[in-house]
Amino acid sequence: MGKRKTTEESGLTLVEILASLVILGIVFIAFMTIFPQMTLFNSRTETKLETMNEARIVLEEYKKMKWKATDLSEPRFKSDGEWWTETLDAKPNTIIKIKKLPDEGPPLNTELKSGVVRLHKLHVKLMKDDRAISESFGYIQVK
């Protein structure tokens, strides 16, 4: 009985190892380019949420005020076509627009009956570098 040669070898060749490392490297690089983009996206989303909340807070402040038709003719409001526009001194990048004609209810020059309200559209716009970064819309009740 002589020595027997076996052709079965277990293990990986150097070429197979190098090929798998190249494939893993390509996959790793693809995943690594996603992380900075996700960080940038999260940062932008956070900024947008902050400005949206700020616009909502201003909107809620205006909704809580007791509005009369004469309030809208105050000097702080400037007539701008079909809107009254106010720029807040405390927040110079905030523009408030109130629609002149009510969307619901009788016109301004008519007397209100009991239980009837006038709803004017309110538009809050936050600006930065002459571009709107957030907007919010709502209605205010004018008696």
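Residues numbered from 1 in each chain as written. Predicted model: local features only at pLDDT ≥ 70, side-chain atom pairs only at ≥ 80, totals over all residues. Heavy atoms only, no water.

Trainee: Could you give an account of the overall build of the chain, naming the residues involved and the relevant values?
Mentor: The number of helices and strands found in the chain is 1 helix and 5 strands. Moving toward the C terminus, one meets the helices and strands of the chain in the order α-β-β-β-β-β. Over its C-alpha atoms the chain spans a radius of gyration of 32 Å, topping by over 25% the 15 Å that the globule rule assigns to 143 residues. Summarising its shape, the C-alpha atoms of the chain cover approximately 120 × 35 × 25 Å along the three principal directions. Of the roughly 11,400 Å² of accessible surface on the chain, 59% is carried by carbon and sulfur atoms. Looking at charge distribution, the chain has the averaged site of its 23 positive side-chain charges lying 3 Å from that of its 20 negative ones. (Helix = DSSP H or I, 4+ residues; strand = E, 2+ residues; numbered from the N terminus. Rg over C-alpha atoms; globule rule 2.2 N^0.38 Å. Areas by Shrake-Rupley, 256 points an atom, 1.4 Å probe, with all protein chains shown as cover. Lys, Arg positive; Asp, Glu negative; His and termini not counted. Charge placed at Lys NZ, Arg CZ, Asp CG, Glu CD.)

Trainee: An account of the pairing of strand β5 (residues 131-142) is needed here, citing residue identities and associated values.
Mentor: As paired elements, strand β4 (residues 118-128) and β5 share 11 bridges and run antiparallel to each other. Each bridged residue has a counterpart across the sheet, and for L122 the counterpart in β5 is G138. Taking the residues that link successive antiparallel strands as the turn, the β4-β5 hairpin has 2 residues, and the phi of D129 there is positive, at about 55 degrees. (Pairing = 2+ DSSP bridges.)

Trainee: Got a sec to walk through the pattern of salt bridges? Specific residues and values, please.
Mentor: Applying the stated criterion to the full structure yields 2 salt bridges. Notably, a salt bridge pairs K63 with E60, separated by 3.9 Å at the nearest N-O pair. Here K63 pairs with E60, and both are found in helix α1 (residues 14-64), just 3 residues apart, close to one helical turn. For K63, a relative accessible area of 38% corresponds to the partly exposed category. By relative accessible area, which is 37% here, E60 ends up partly exposed. The partner of E82 in a salt bridge is K99, and the shortest N-O contact between them spans 3.6 Å. (Salt bridge = Lys/Arg side-chain N within 4 Å of Asp/Glu carboxyl O. Buried < 20%, exposed > 50% of the residue type's maximum accessible area, 1.4 Å probe, protein only.)

Trainee: Please give an account of the nonpolar core that cites residues and values.
Mentor: Y62, W67, I96, I98 and L122 are the most contacted members of the largest nonpolar core, which has 16 residues in total. A per-element tally of this core places α1 first, with 4 residues. If near-sequence neighbours (up to four positions away) are discounted, L122 is found in contact with L59, Y62, I96, K97, I98, S136, F137, G138, Y139 and I140. (Core = buried A, V, L, I, M, F, W, Y, C linked by side-chain atoms within 4.5 Å. Contact = heavy atoms within 4.5 Å.)

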